[in-house]
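As a plain string of letters, each chain reads:
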Amino acid sequence: MYQSKQKSYGIIAVIYYCTYFGGLFLAGILYQKGITFGMDMIYCSLFAVGVLIALIKDRNIDNLGFGKEKLRMNLIISLMIVVITFVVIWIFSDLAFHKLLQQMLYYLFYIAAIEEILFRGLIQNYLFGFKLNKYVIFIIGALLFSFMHIPFQMVVHNNVSLHYLAEALPNLIETFIAHFVFCLIAYKRKDITISIAVHYAYDFLGVII
């Protein structure tokens, strides 16, 4: 995880991020018009393209954030986080069990897993194509992750302006810090499995409770 690479990797990361950013802007427009299936198609297509980039460029999934060195323990810890989070929410939430289960799967796979694979995996790994200190690269990745949340929300709230950016600043700072924490977890554990679980817990707890 997070090893120095050729400059072409960094260039690919920037191009892919710009494509992803534009795709989310378009997804926001579709969502605002009530075309949710179009939004989902764009989101899933962007994910598929990211995975395809890694498979073509690397011919493996290592740079998507999946390592083997500590995988067994990482999976055990991740499963514990997922289960404990679900139980806590089940105790305090008024939602029916099957609804909670649907929400769990949504936040675990559709949100946390996809964002971790693309941002803590693909983009953050590929940014190491730029010969910079690893913490500087983590900061760049955190900035990219924070601003990734802007285009969709701007369009959905019908407020494409600098004023919206000012209003969203506390959220952006929180997201920036979250990315940095998720990166450090992935860096220390040499895998994004635990960061997926922590991301899921962070989002799920924040919305449900």
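Structure first, text after, so check above.
The text that follows walks through the structure, step by step, so that each part is easy to find.

Criteria and thresholds
Residues numbered from 1 in each chain as written. Predicted model: local features only at pLDDT ≥ 70, side-chain atom pairs only at ≥ 80, totals over all residues. Heavy atoms only, no water. Core = buried A, V, L, I, M, F, W, Y, C linked by side-chain atoms within 4.5 Å. Buried < 20%, exposed > 50% of the residue type's maximum accessible area, 1.4 Å probe, protein only. Helix = DSSP H or I, 4+ residues; strand = E, 2+ residues; numbered from the N terminus. Contact = heavy atoms within 4.5 Å. Salt bridge = Lys/Arg side-chain N within 4 Å of Asp/Glu carboxyl O. Axes fitted to C-alpha atoms, helices over the stretch in contact; angles between N-to-C directions. Parallel < 35°, antiparallel > 145°, perpendicular 65-115°, else oblique. Left-handed = near helix turned anticlockwise from the far one by under 90°. Nonpolar A, V, L, I, M, F, W, Y, C, P; charged D, E, K, R; others polar.

1. Remarks on the nonpolar core
Part 1 of the argument: With 49 residues, the main nonpolar core has Tyr-16, Tyr-20, Phe-119 and Tyr-200 as its most contacted residues.
Part 2 of the argument: Counting residues per element, the ones that place at least two in this core are helix H1 (7-32), helix H2 (36-58), helix H3 (71-92), helix H4 (97-126), helix H5 (134-148), helix H7 (162-189) and helix H8 (193-208).
Part 3 of the argument: The element best represented in this core is H4, accounting for 14 residues.
Part 4 of the argument: Look past the residues within four positions of Tyr-200 in its chain and what remains in contact with it is Ile-81, Val-82, Thr-85, Phe-86, Met-104, Tyr-107, Leu-108 and Ala-112.
Part 5 of the argument: Residues Met-154, Tyr-164, Ala-168 and Leu-172 belong to the second largest nonpolar core, which totals five residues.

2. Some points on the pattern of salt bridges
Oppositely charged side chains may form a pair once their charged atoms are brought near each other.
Part 1 of the argument: Taken as a whole and judged by the stated rule, the model has one salt bridge.
Part 2 of the argument: Among the salt bridges present, the one from Arg-120 reaches Glu-116, with a minimum N-O distance of 2.6 Å. A residue pair is termed a helical-turn pair when its members lie 3 or 4 positions apart in one helix, as Arg-120 and Glu-116 do in helix H4 at four residues.
Part 3 of the argument: On the basis of relative accessible area, Arg-120 is assigned to the buried category, the value being 0%.
Part 4 of the argument: Overall, Glu-116 belongs to the buried group, its relative accessible area being 0%.

3. Describing the packing of H1 against H5
Part 1 of the argument: Where H1 contacts H5, the two axes come as close as 10 Å, and the packing angle between them is 15°. Compared by their axis directions, H1 and H5 come out roughly parallel. Crossing hand, H1 versus H5: right-handed. Here Tyr-17, Tyr-20, Phe-21 and Leu-24 of H1 come into contact with H5, specifically with Leu-144, Phe-147 and Met-148.
Part 2 of the argument: When the residues that make up the contact of H1 with H5 are grouped by side-chain class, the tally is seven nonpolar, no polar and no charged.

4. Overview of the packing of H1 against H4
When two helices pack together, their arrangement is given by the angle between their axes and by how far apart the axes lie.
Part 1 of the argument: Relative orientation of the contacting elements H1 and H4 amounts to 135°, with a least axis distance of 7 Å. In terms of orientation, H1 lies oblique with respect to H4. When H1 is examined against H4, the residues Tyr-9, Gly-10, Ile-12, Ala-13, Tyr-16, Tyr-17 and Tyr-20 are found in contact with a partner set consisting of Leu-118, Phe-119, Leu-122, Ile-123 and Tyr-126.
Part 2 of the argument: Here the contact of H1 with H4 is built from residues that sort into eleven nonpolar, one polar and no charged.

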